[in-house]
Amino acid sequence: MTSTLRPPPPAAPRAAAESPRPAPHPRRRRSWRQALRRDWQLYSLAVLPLLFFLIFRYLPMIGNIIAFRRFKPGGSIFGEYWVGLRYFRMFFTDPTFWEVFTNTLVLGALTLLFCFPLPIVLALLLNEVRARRFKRFVQSVSYLPHFLSIVIVAAMVMQLTSIDGAANQLVRMVGGDPVAFLQQPQWFRTIYVSSEVWQTVGWGTILYLAALTTVDEDLYEAARIDGASRLRQTWHVTLPGIRPTMVTLLILNIGSFMAVGFEKVLLLYNPLTYPTADVVSTYLFRMGFQSSNFSYAAAIGLFEAVIGLVLVLSANLISRRTVGTSLW
Amino acid sequence: MVILGTKSDAPQTRGPVDSRGYRIFRVVNTIVLIGVVIVTLFPFLNIVARSLSDEAYIIAGKVSLVPRGFDLTAYKLVMSDAMFWTNYRNTVVYTVVATLISIVLTTCYAYVLSKPQLRGRGLLVGVALFTMFFSGGLIPNYVLVTSLGMKNTIWAVVIPNAISVFNLLVMKAFFESLPTELEEAAAVDGLNTYGILLRIVLPLSKAIIATMVLFYAVSFWNSWFSAFLYFDRQDLLPVTVYLRNLIAGATSAESAAADADKVQAAATFQAVTIVLTTLPILAVYPFVQRYFVRGVMLGAVKG
């Protein structure tokens, strides 16, 4: 996925010089019957994966109609009878919903603010390193947190921020009183975003580092002749060179804006920190599984998913109109 | 796009002589990057130190990077917990089964999608792509899995996540990069599609399959939420949920400050469990890291 920006037709991924692709066959439109007779073996390979998508991806989408119907646990998976927009009205008038909605936006915005630019910065810094082994070492270390289960990350966060943990040792060192960080709403966002930065920034550099190697050396040469300093070269040559990658990743980041770290919040929050930590997805989780209000939760989930889709589509559209880069 | 095939360590020679400012920058840069390494590694070292320390020192807030009052009691306790090992074994079983199924499904579909002349290919791609940006959501998925009778069975954690669209696109990109001549020749020799896939394409795809195995295995190894949602019985849980229950219990104990002994035990217990669950990943990480990087790049080639 991501990064580079060929129009949809399958671009040859290998270096073009290595194996020039034959010109595409002139496409003859065959009828379905002919296609089936000719390629039935190929189609047969697609049957199971297609079933997977239909049952476990598309059926739940249809299952969202329980957001408009009364649902009885153990009853039909499509609910019992129509109730129209009742559940939507319910959460639109629910003050808690707007509280968690705001929290989601704030947490999403903070995550975007830090987790999108920092990999670019780190990649630029790494790109200036000449000692290959040192560069390799920093890269390897910084990728590592990406491979940890979110449960392990959450457990580490709890250890680090506990009363006897490293964070409070620091607090005591500067003469403060220990803070129960995870019990205090005002600390949650800081903790969440820092752990997110810790886990994702290193891994996020990979695509940028790859893109950096594709920036044309001649452009640097030209900039140098024009007397551009290093900084100006970075600004005027390097950054425009990796802009397609940046835009693509930005669109993808925006797409996951609404779904902010559901699992991590679920692991790290507690009733004391709900005022800042509770997000739409965790709220609907509690509505569904603790209050057993499936239809209500499904309505919230559908709302969330639609917003997510709208965000991706509009980000994609805007970037195509303005910078000419898009996902599809 | 030519991301592949270019070395990411092309020597940077941008300018005959470095200016003074740039030399200073390079020193600062090195210091910053060392800082990144330290910040990244600190939590690991801290947890290891805590896991090896005497509880009394931990409670007193005296353990940071070096174990104090070296003590293996917590290790012995966790490792003598039969449920820990049951859950650990579950993780291994789920990971192996899920990875196998995922690889088969992903390979089949990716191979089909890589045939440009196939009628309906665009539709088949679209079916997969759309799910990247819109999903049914938690509740309908739960209702579905439950009504299929998959609750409290391994299938609940295996099947609903069988195909990752990202991995699918990576494999598709790889298959598209294979030269078509071999397959055409094999077809002339009378091999059917299955034969071509098994005897010609797959042997050429060992590297990408290894990468896919790693991608899937790590994600299944690390997953916890499906198991948390669909398993009621403790002996079915993977080790990630074992750890989750441990930390969830610890926070409620801490906030209630109920039982002092429990809290104390919790501190080292958690650290030990973290170490024991992270260990396998750390052990294989140095050897497999580059495959991951390669996989990500391959995925990046085609949006």
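Residues numbered from 1 in each chain as written. Chains lettered and ligands numbered in written order. Predicted model: local features only at pLDDT ≥ 70, side-chain atom pairs only at ≥ 80, totals over all residues.

## Digging into the overall build of chain A
The following threshold applies: Strands are runs of DSSP state E lasting at least 2 residues, helices are runs of H or I lasting at least 4, and numbering of each runs from the N terminus. Counting other C-beta atoms within 10 Å of its own, a residue is labelled buried from 20 upward, exposed at 12 or fewer, and partly exposed in the gap between, with every C-beta atom placed from the backbone. Here, residues touch in the contact sense if the C-beta positions derived from the backbone fall within 7 Å of one another.
A count of helical and extended segments in chain A gives 15 helices and two strands. Here the C-alpha coordinates of chain A stretch approximately 80 × 65 × 35 Å along the principal axes. Put simply, chain A has 328 residues, and 42% of those count as buried. Taking contacts inside chain A between residues at least 6 apart in sequence as the whole, the part at least 24 apart equals 66%.

## Digging into the overall build of chain B
Counting secondary structure elements, chain B contains 14 helices and zero strands. Residues counted as buried form 40% of the 303 residues belonging to chain B.

## Side note on the domain arrangement of chain B
Think of interface size as the accessible area that goes away when the parts come together; that is how it is often given. Residues and elements named next belong to chain B. Just so we agree on the cut-off: Bear in mind that the domain bounds are from an automatic or database domain assignment. Any residue that is not Ala, Val, Leu, Ile, Met, Phe, Trp, Tyr, Cys, Pro, Asp, Glu, Lys or Arg is counted as polar, Gly included; the first ten are nonpolar and the last four charged.
Domain annotation of chain B identifies domain 1 (18–71) and domain 2 (74–303). Placing the centre of domain 1 and that of domain 2 at their C-alpha centroids yields a distance of 31 Å. Listing elements by their share of the side of domain 1 that touches domain 2, those giving two or more residues are α1 (20–51) and α2 (55–59). Top contributing element to the side of domain 1 that touches domain 2 by residue count: α1, with four residues. Partitioning the side of domain 1 that touches domain 2 into residue classes produces four nonpolar, one polar and two charged.

## Notes on the packing of helix α6 (residues 150–161) of chain A against helix α8 (residues 185–213) of chain A
All names here are of chain A. Here is the rule we go by: To obtain an axis, a line is fitted to C-alpha atoms, over the contacting stretch when the element is a helix, and the angle between two such axes runs from 0 to 180 degrees between their N-to-C directions. Throughout, the term roughly parallel applies to angles under 35 degrees, roughly antiparallel to angles over 145, roughly perpendicular to angles from 65 to 115, and oblique to all others. What makes a crossing left-handed is the near helix being turned counterclockwise from the far one by less than a right angle; a clockwise turn instead makes it right-handed.
Two numbers describe how α6 lies on α8: the axes approach to 11 Å, and their chain directions differ by 125 degrees. Our classification of the angle between α6 and α8 gives oblique. Considering the relative orientation of α6 and α8, their crossing is right-handed. For the pair formed by α6 and α8, the contact residues are V153, V157 and T161 on the first element and I191, S195 and Q199 on the second. Looking at side-chain class alone, the contact of α6 with α8 contains three nonpolar, three polar and no charged residues.

## So, the environment of V193 of chain A
All names here are of chain A. Its place among the elements puts V193 in helix α8. In the structure, V193 is positioned 13 residues away from A180 in sequence and 17 Å away in space, judged by C-alpha atoms. What V193 contacts, discounting residues up to four positions off in sequence, is L110, T111 and F114.

## Focus on unusual backbone geometry
The phi torsion at S292 of chain A lies on the positive side, around 50 degrees, for a residue other than glycine. Tracing the sequence through the fold places S292 of chain A in the loop between α14 (280–289) and α15 (294–322).

## Looking at the interface of chain B and chain A
In this complex, chain B contributes 98 residues to the contact, which on the side of chain A involves 101 residues. Of all the elements, helix α14 (residues 260–301) of chain B adds the most residues to the side of chain B that touches chain A, at 16 residues. Here the residues of the side of chain B that touches chain A are counted per class, giving 58 nonpolar, 30 polar and ten charged.

## What to know about the nonpolar core
One broad rule of soluble globular proteins: the nonpolar side chains tend to lie buried together. The condition is simple: Buried Ala, Val, Leu, Ile, Met, Phe, Trp, Tyr and Cys residues form a nonpolar core when they are connected through C-beta atoms within 7 Å.
One finds A154, A155, A299 and I300 of chain A together with Y109 and V112 of chain B to be the most contacted residues of the largest nonpolar core, which totals 150 residues. There are two domains that each give this core at least three residues, and those are domain 1 (18–71) and domain 2 (74–303) of chain B. Apart from the residues lying within four places of it in its own chain, the contact partners of A155 of chain A are L243, I247, Q270 and I274 of chain B.

## What about the UniProt feature "domain: ABC transmembrane type-1" (unreviewed entry) in chain A?
Let me state the cut-off plainly: UniProt positions are given in the numbering used here, feature names are shortened, and annotations may be inferred rather than shown by experiment.
Under the present numbering, the feature "domain: ABC transmembrane type-1" (unreviewed entry) in UniProt falls on residues 101–315 of chain A. Between the C-alpha atoms that bound residues 101–315 of chain A the distance is 20 Å, and the span itself is 76% helix and 0% strand.

## A few points about the UniProt feature "transmembrane region" (unreviewed entry) in chain A
As annotated by UniProt and renumbered to match this structure, "transmembrane region" (unreviewed entry) occupies residues 40–59, 100–126, 241–262 and 294–318 of chain A. Across residues 241–262 of chain A one finds 68% helix and 0% strand; the C-alpha atoms that close the span lie 34 Å apart.

## A word on α1 of chain B
Residues and elements named next belong to chain B. Using the following cut-off: In this analysis, the expected span of each helix is defined as 1.5 Å times one less than the number of residues it contains. By definition, a residue's bend is the angle between the axes fitted to the seven residues ending there and the seven starting there.
With 32 residues, α1 should cover 46 Å at 1.5 Å per step; its first-to-last C-alpha distance of 47 Å lies within 8% of that length. A maximum bend of about 35 degrees is found in α1 at L41, where proline P43 lies one to four positions downstream. Buried within α1 we find L33, P43, N46, I47, R50 and S51.

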